[in-house]
Amino acid sequence: MKKIAHNHLVFFVIAVVLFWIKTYIAYQLDFRLGTDNNLQKFLVFFNPLSSALFFLGFALLSKKYFKRVLIGIQFFLSFLLYANIVYYRFFNDFITVPVLLQAKSNAGGLGDSAAGLMSFSDIFYFTDTILLIVLACTFFKQVKVKTRKTYQIVLLFSITVFLVNYGLAEKDRPNLLSLSFDRNYIVKYLGAYNYTVFDIFQYIHSSSQRVFASGSNLTNVENYRKATYTPPNPTLFGKAKGMNVIFVSMESFQNFMIDYKMPNGQLVTPFLDSLAHDGNTFYFDHFYHQTGQGKTSDAEFLMENSLYPLNQGAVFINKAQNTYQATPAILKGYGYNSAVFHGNYKTFWNRNVMYKALGYDQFFDASYYSMTPQNTKNFGMKDKPFFAESMPMLESLKQPFYTKFITLSNHFPFEVDPGDTDFPKGNFGDWAVDQYVQSANYMDQALKQFFDALKKDGLYDKTVIILYGDHYGLSSNNYTALAKALGVDKITPVMDSNFQQVPLFIHVPGVKGGVEHQVGGEVDVRPTLLHLLGMDTKDYIEFGSDLLSPQHRNWVAFRNGDFVSTNVIQSGDKCYSVATGSLAANQKACNSISTQVKNELQMSDMIVNQDLLRFYHPNGFKPINPTDYQYLGPTKK
Ligand code: GP9
Ligand code: MN
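What counts as what
Residues numbered from 1 in each chain as written. Chains lettered and ligands numbered in written order. Predicted model: local features only at pLDDT ≥ 70, side-chain atom pairs only at ≥ 80, totals over all residues. Heavy atoms only, no water. Helix = DSSP H or I, 4+ residues; strand = E, 2+ residues; numbered from the N terminus. UniProt positions renumbered as here; feature names shortened; annotations may be inferred. Near = heavy atom within 4 Å. Polar contact = N/O pair within 3.5 Å; in protein donor to acceptor, adjacent residues only side chain to side chain. Areas by Shrake-Rupley, 256 points an atom, 1.4 Å probe, with all protein chains shown as cover. Nonpolar A, V, L, I, M, F, W, Y, C, P; charged D, E, K, R; others polar. Core = buried A, V, L, I, M, F, W, Y, C linked by side-chain atoms within 4.5 Å. Buried < 20%, exposed > 50% of the residue type's maximum accessible area, 1.4 Å probe, protein only. Domains from an automatic or database assignment. Contact = heavy atoms within 4.5 Å. Patch = residues over 30% accessible without salt bridge, like charges linked within 9 Å, V, L, I, M, F, W, Y side chains within 5 Å. Salt bridge = Lys/Arg side-chain N within 4 Å of Asp/Glu carboxyl O. Donors = N, O, S within 2.8 Å, 3.2 Å for Na, K, Ca; no water. Tetrahedral: all angles 85-135°; square planar, octahedral: opposite > 155°, others 65-115°. 1 Å grid on protein atoms, 1.4 Å probe; cavity = no way out; pocket = protein on both sides within 12 Å on 5 of 7 lines; lining within 4 Å. Points joined across faces, edges and corners; volume = space filled by probe spheres on them.

Between glutamine 399 and the following residue, proline 400, the backbone shows a cis peptide bond with an omega angle of 0°. One can find proline 400 in the loop between helix H17 (383-395) and strand E8 (401-406). A positive phi is found at serine 306, a non-glycine position, where the angle reads about 55°. Relative to the elements of secondary structure, serine 306 occurs in the loop between helix H13 (295-305) and helix H14 (315-318). Despite not being glycine, asparagine 378 shows a phi value in the positive range, around 60°. Inspection of the secondary structure puts asparagine 378 in the loop between strand E6 (376-377) and strand E7 (380-381).

Structure follows, in structure tokens:
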């Protein structure tokens, strides 16, 4: 017994085993890694081992402070795991280096909501640390490391374990690391800690790419662009020539809300429902968000550049110094004046820097609004006072204008103050779903009020209005309640893809609209709009395809490499048939679109990571110099 109490290897093995089991339990309880064969199940069990040995092994280098260093490393890794758990509960994703860096600039996106995602029982994730401390002070009080030999053996052993793990992972999923679109896979195959190491390498690699890039890297992209360009619809081209443009970003607003009725028959969003069916508005009911970790800002990036956001972090934060050829900059050449309205402070998502690169003339941020306790909630202005206070500023703009309004009220945790809407909360057995219907209704009322104001001041008749849901609000965490709300037994993988649908409305004065069923995404909006305004996009480098063109392409790429098309849906490793809603009989049916999707995402990443648009000069486009712009805030009276 005494021998054991003196043996550092026993203490080390206890630490490794506890940590290993804890991580495995976390995988089961908090992450949805989706295993579908025995090898994957085995790897999920096996993968924490190599990192447990490797990282905890460092403690064996310290003879005197072995126990302290071991517990320190163990605590640090537990903390990392727990941070990922909390992040995953909301984002269904793992933390990346850029997310950590952006947390500093107040844009991690979790902020105050984080507390709501933690619970007392989470103490479980630190019980092994506590147990180790107790053991270190009692039974193993005398433990010391005498020689560094154990370290060398453990290191060798951890490398061997890792190589076995990696070999088996590659067997099941070839090119796991080189095709790293989906972080879930890396955690599933290699583990949460090895994932972090990989993520750090990936970040360093992407940051260094700009330096070595040259214009010749664009040749492939230009050829691809020429081959895939979607020509405009001749009957609609230029129908909105010279008109103003208003975009409205509808926070976390998903398409299933359109025409959704509460159990008592009440519509949640009667105003938007009426737009969908008025015959004068295009309503796209198979339109998808394509955002990544940059959430609202990724949607903005897609809409105005027709490029994809990054796989890791937000373009707005990491690539704001790049050259862009965004819509506000293009329209400047046609005499347009541009502005953004948003009831949050300008540094959030680094907007004040990025908007300069996009060519925005003005940015009406929180400093322009009366941010009283009554007017604000969560991130900033509530939608009703936001639109009301924006009207005089909008009316003061020189026309034609190109503007964007970013709403906030329907943001997680979807709280509405008493008295702001008479619409009751739902009763679906999940507070987020229950509150979501209420805050969606509040936003709908605010939008109606905005439209009424535009009609009253005459802007409505000379303005193209585009409304879009920026990304999902409810996710697989809420699927039990959502299934109940939708009256189905469970949410299938195909329904899960459908939950990535967000509504898109385009209203063009004098043009008949209607419900449009073609599959499309946020990347497609820019060519659609520019063609309506009578500007051909063929000279620009972009990946979208005009939604109103008869030649519109039939698929939409998600940031993780999955896609939806008119016939088949790729979700994870599986190919589904749209017609049957279940697995496609021929699993290869997704291959050809899948190759195009990956190719396109890779090209877009190359443009953004290498800042390639600095080498590209579209005909008639005047480059933007960000230092020409300043957003100084309202002039003091
Ligand atoms: C905050 C708003 C909401 O300014 O963009 O951010 P989100 O968390 O949805 O990206
Ligand atoms: Mn958002």
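This part takes up the UniProt feature "transmembrane region" (unreviewed entry) in the protein chain. UniProt records the feature "transmembrane region" (unreviewed entry) for residues 9-27, 42-62, 69-90, 123-140 and 152-169 in the present numbering. Between the first and last C-alpha atoms of residues 123-140 the distance is 24 Å; the span itself is 61% helix and 0% strand. Secondary structure content for residues 152-169 is 100% helix and 0% strand, and the end C-alpha separation is 26 Å.

With that settled, the discussion passes to the site of ligand 1. All residues adjacent to ligand 1 are Glu251, Lys295, Thr296, His342, Asn344, Phe348, Trp349, Arg351, Leu408, His411 and His471. Interatomic distance of 3.0 Å between a side-chain N/O atom of glutamate 251 and an oxygen atom of ligand 1. Contact distances for ligand 1 include 2.6 Å between an oxygen atom and a side-chain N or O atom of histidine 342. Across the complex, the protein chains shield 99% of the 300 Å² of accessible surface that ligand 1 would expose by itself. Partitioning the shell around ligand 1 into residue classes produces three nonpolar, five polar and three charged.

Bringing the nonpolar core into the picture now. Leu272, Phe341 and Leu394 are the most contacted members of the largest nonpolar core, which has 113 residues in total. Residue contributions to this core peak at 13 residues, all from helix H5 (residues 66-91). Each of domain 1 (2-209) and domain 2 (232-552 + 612-628) accounts for three or more of the residues forming this core. For leucine 394, the residues in contact, after removing those within four places along its chain, are Ile246, Phe341, Phe401, Thr403, Phe405, Phe450, Leu454 and Leu459. In this structure, Ala314, Ile466, Phe543 and Ile624 belong to the second largest nonpolar core, which totals 83 residues.

What follows covers a nonpolar patch on the surface. Residues Leu9, Val13, Val17 and Ile21 make up a contiguous nonpolar surface patch of roughly 290 Å² in combined accessible area. Locating valine 17 in the fold gives a position in helix H2 (residues 8-30). Look at valine 17 and you get partly exposed, because its relative accessible area is 35%.

So, on to the coordination of the manganese ion (ligand 2). Note on metal sites: the ideal angle is 109.5 degrees for four tetrahedral donors, and 90 or 180 degrees for six octahedral donors. The protein atoms donating to the manganese ion (ligand 2) are Glu251 (OE), Glu251 (OE), Thr296 (OG1), Asp470 (OD) and His471 (NE2), with metal-donor distances spanning 2.1 to 2.4 Å. Here the manganese ion (ligand 2) binds six donor atoms, and the angle range of 55 to 167° at the metal identifies the geometry as irregular. Coordination of the manganese ion (ligand 2) draws on donor residues from a single chain, spaced E-x44-T-x173-D-H in sequence. With a gap of 219 residues between them, glutamate 251 in the loop between strand E1 (244-250) and helix H12 (270-277) and aspartate 470 in the loop between strand E9 (463-469) and helix H19 (479-486) connect regions that are remote in the sequence. According to the relative accessible area criterion, glutamate 251 is buried, its value standing at 1%.

It is worth spelling out empty space enclosed by the protein at this point. Within the structure shown, the criterion is met by six cavities of 30 Å³ or more. Among the secondary structure elements, those contributing two or more residues to the lining of the largest cavity are H5 and H13. Grouping the constituent residues of the lining of the largest cavity by class yields seven nonpolar, seven polar and three charged. A domain split of the lining of the largest cavity shows at least three residues from each of domain 1 (2-209) and domain 2 (232-552 + 612-628).

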